[in-house]
Amino acid sequence: MKHFITLNDLPNFHKTVDLAKSLKENPYSQEALGKRKTLGLLFFNPSLRTRLSTQKAAQLLGFSTIVMNFSNEAWALEFEDGTQMRGIRSEHIKEAAAVVSQYCDMVAIRAFASLVNKENDEAEIVLKRFAKYAKIPVINMESATGHPLQALADALTLKEHKTKYRPKVVLTWAPHPKALPHAVANSFSKMMSFQEADYFISNPEGYDLDKRITKNIPVIHNQSEALQNADFVYAKNWCSYERYGQILRTDNEWIITKEKMSLTKNAKFMHCLPIRRNIVASDDVLDNSNSLVIEQANNRTFAAQAVLKILLDHA
Ligand code: CP
């Protein structure tokens, strides 16, 4: 594996989840593997879990880490080739990526979707240009269209909590006051294609995800119907994909409540966090013992550790 940009880059998805599980059981088992190596973490957007868990994962493998907020600390980057750089962008990605490669042995990058220009977002310019011009492996810490480290952590959480061979898993849209990207829903859906499960997506009309990603996953526009007999409920907001970046619903009809969870088969509740309480899900759902949200966050460390180990093994 040269880079970790999407789940498809993994040499073997199930072996990666197994590796994450074994690292969780014995997190210091590979503590010398990354000795004298440096992981750079570049953030174009805010983070709590990704920033801390990826650093912790690296440190458990013996790496040193360098973190930089590119949004306000670095020179503004130019990504286009052949431009005369007269504007506010002071540094070209060619130099920036090459320079980061002098200080780091791997670089992890977070660069969200703009939600303004679909074509530009789908081109994944930040991650792909870094991958093109860096001389080191590039790791996706959430890009415009995917959040594979979150999906790997979610796969580990599902593995730990499933009680039947083929559970029913429902990804349900939930309300949010801001327009949010599709990255988590996309990567979760991609991850579910590796699972033995009955997987459904439920969202209001107008919120269908990119069909090139969801393919033939059933989409149910009636949330109560979708939740019936579910074993896992994964709530997430995303903005409209078709009317790109727009919020089409401002009501709270799709909030996950205790009453809605009672339609399920005592389902476990999942969300990637951060979550807006009593907007996306009610307090009694989040505070219930069936909520896995903190375990999902915990598993981010071991998912990242597995990815870093695979990249080191392939170096
Ligand atoms: N789930 C997740 O990626 O959290 P952060 O945005 O806080 O990193």
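Structure's up top.
An account of the accompanying structure is given in this report. (Residues numbered from 1 in each chain as written. Predicted model: local features only at pLDDT ≥ 70, side-chain atom pairs only at ≥ 80, totals over all residues. Heavy atoms only, no water.)

1. What about the sheet that holds strand β6 (residues 138-140)?
Part 1 of the argument: Within the open sheet, the 4 strands sit side by side as β2-β1-β5-β6. Their pairing is parallel. For this open sheet the edge positions go to β2 (64-69) and β6, each flanked by a neighbour on one side alone. The sheet shows a mean angle of 20° between the axes of neighbouring strands, direction not considered.
Part 2 of the argument: Relative to β6, strand β5 (residues 106-110) runs parallel, the two sharing 3 bridges. The residue of β6 that forms the bridge with Val107 is Val138. (Pairing = 2+ DSSP bridges. Helix = DSSP H or I, 4+ residues; strand = E, 2+ residues; numbered from the N terminus. Axes fitted to C-alpha atoms, helices over the stretch in contact; angles between N-to-C directions.)

2. Observations regarding the layout of surface pockets
Part 1 of the argument: One number sums up the size of the largest pocket: a volume of about 790 Å³.
Part 2 of the argument: Forming the walls of the largest pocket are 38 residues, and the residues nearest its centre are Asn186, Ser187, Lys190, Arg212 and Ile213.
Part 3 of the argument: Put simply, the parts of the chain that give the lining of the largest pocket at least two residues each are α7 (183-192), β8 (198-202) and α8 (211-214).
Part 4 of the argument: Looking at the lining of the largest pocket residue by residue, the classes come out as 15 nonpolar, 14 polar and 9 charged. (1 Å grid on protein atoms, 1.4 Å probe; cavity = no way out; pocket = protein on both sides within 12 Å on 5 of 7 lines; lining within 4 Å. Points joined across faces, edges and corners; volume = space filled by probe spheres on them. Nonpolar A, V, L, I, M, F, W, Y, C, P; charged D, E, K, R; others polar.)

3. Re the site of the ligand
Part 1 of the argument: Looking at the ligand, the residues that line it are Ser47, Leu48, Arg49, Thr50, Arg110, His147, Gln150, Cys272, Leu273 and Arg300.
Part 2 of the argument: Between the ligand and the protein, one listed contact pairs an oxygen atom with a side-chain N or O atom of Arg110 at 2.8 Å.
Part 3 of the argument: Between the ligand and Gln150, the relevant distance is 3.0 Å, taken from a nitrogen atom to a side-chain nitrogen or oxygen of the residue.
Part 4 of the argument: Protein contacts shield 94% of the accessible area of the ligand, which totals 260 Å² for the unbound molecule.
Part 5 of the argument: Grouping the constituent residues of the shell around the ligand by class yields 3 nonpolar, 4 polar and 3 charged. (Near = heavy atom within 4 Å. Polar contact = N/O pair within 3.5 Å; in protein donor to acceptor, adjacent residues only side chain to side chain. Areas by Shrake-Rupley, 256 points an atom, 1.4 Å probe, with all protein chains shown as cover.)

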